[in-house]
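Reading the structure
As a plain string of letters, each chain reads:
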Amino acid sequence: LERIANSLLLIDMNNRESVGRNALDCAALGIACVSTHRSDMQQRLFPDTTLEDSWDTEGAVALCERLLQDSSFYESVIDRAAAASVQFDPDSFERRFEEILQRYPDVTRLRSP
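This is a predicted model, so every value here is computed, not measured.

Now for helix H3 (residues 57-69). For H3, with 13 residues, the first-to-last C-alpha span of 18 Å sits near the 18 Å given by 1.5 Å per residue. Among all positions of H3, only Gly 59, Ala 60, Leu 63, Cys 64 and Leu 67 are buried. Down the axis, H3 shows its buried residues gathered within 135° of arc, on one side only. Those residues of H3 that are exposed and aimed more than 90 degrees away from the buried face are Glu 58, Leu 68 and Gln 69. The inward-facing, buried residues of H3 contact strand E1 (9-12), strand E2 (32-36), strand E3 (50-51) and helix H4 (71-85).

Turning our eyes to something else, we now look at the nonpolar core. Counting residues in each nonpolar core, the largest one holds 23 residues, and the members touching the most others are Ala 32, Val 34, Leu 45, Phe 46 and Leu 67. With six residues, the top contributor of residues to this core is H4.

Before going further, it helps to spend a moment on the pattern of salt bridges. A full pass over the atoms with the stated rule returns four salt bridges. Asp 25 is the partner of Arg 21 in a salt bridge, and the nearest nitrogen-oxygen pair spans 2.8 Å. Here Arg 21 pairs with Asp 25, and both are found in helix H1 (residues 21-29), just four residues apart, close to one helical turn. By relative accessible area, which is 56% here, Arg 21 ends up exposed. By relative accessible area, Asp 25 is classed as buried at 14%. One salt bridge in this structure joins Asp 48 and Arg 80, with 3.1 Å as the shortest N-O distance. In this pair, Asp 48 is assigned in the loop between helix H2 (40-45) and E3 and Arg 80 in helix H4, connecting sequence segments 32 residues apart.

Our next topic: H4. Over its 15 residues, H4 extends 21 Å from the first C-alpha to the last, a length consistent with the 21 Å expected when each residue adds 1.5 Å. For H4, the full list of buried residues reads Phe 73, Tyr 74, Val 77, Ile 78, Ala 81, Ala 84 and Ser 85. In an axial view of H4, the angular spread of the buried residues amounts to 130°, which keeps them on one side of the axis. Every exposed residue of H4 that faces more than 90 degrees away from the buried side is listed here: Ser 71, Ser 72 and Ala 83. Where H4 is buried, its residues contact H1, E2, H2 and H3.

For the coordinates displayed, the defined rule picks out zero disulfides. This cysteine, Cys 26, is not joined by any disulfide, and Cys 33 carries the nearest cysteine sulfur, 4.3 Å off.

About the criteria used
Residues numbered from 1 in each chain as written. Predicted model: local features only at pLDDT ≥ 70, side-chain atom pairs only at ≥ 80, totals over all residues. Heavy atoms only, no water. Helix = DSSP H or I, 4+ residues; strand = E, 2+ residues; numbered from the N terminus. Expected span 1.5 Å × (residues − 1). Buried < 20%, exposed > 50% of the residue type's maximum accessible area, 1.4 Å probe, protein only. Arc of directions from axis to C-beta. Contact = heavy atoms within 4.5 Å. Core = buried A, V, L, I, M, F, W, Y, C linked by side-chain atoms within 4.5 Å. Salt bridge = Lys/Arg side-chain N within 4 Å of Asp/Glu carboxyl O. Disulfide = S-S within 2.5 Å.

Given below as structure tokens:
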């Protein structure tokens, strides 16, 4: 986090399935992230800067240029990511977990062997 905190954007051309820690870190820091559809978090947090092809370097460069030249696009990308990232904060996670426990009360019942 310390290394990217002062950056304007991060490029993560990941070609493997991943959870997407880079995208979540960027959303928390207010940094645009250009990455691939292979990252679950990228698609959820940065849909406008998600590439379908991990080898689409021209597409990545085009997105980076647009982010750096179009401040309204940049702001909309990071604002959308910030709003979407709220669902992953501890309070939101706890609420979802409590809803699951209420929906499935048998899960919480202790069972004797």
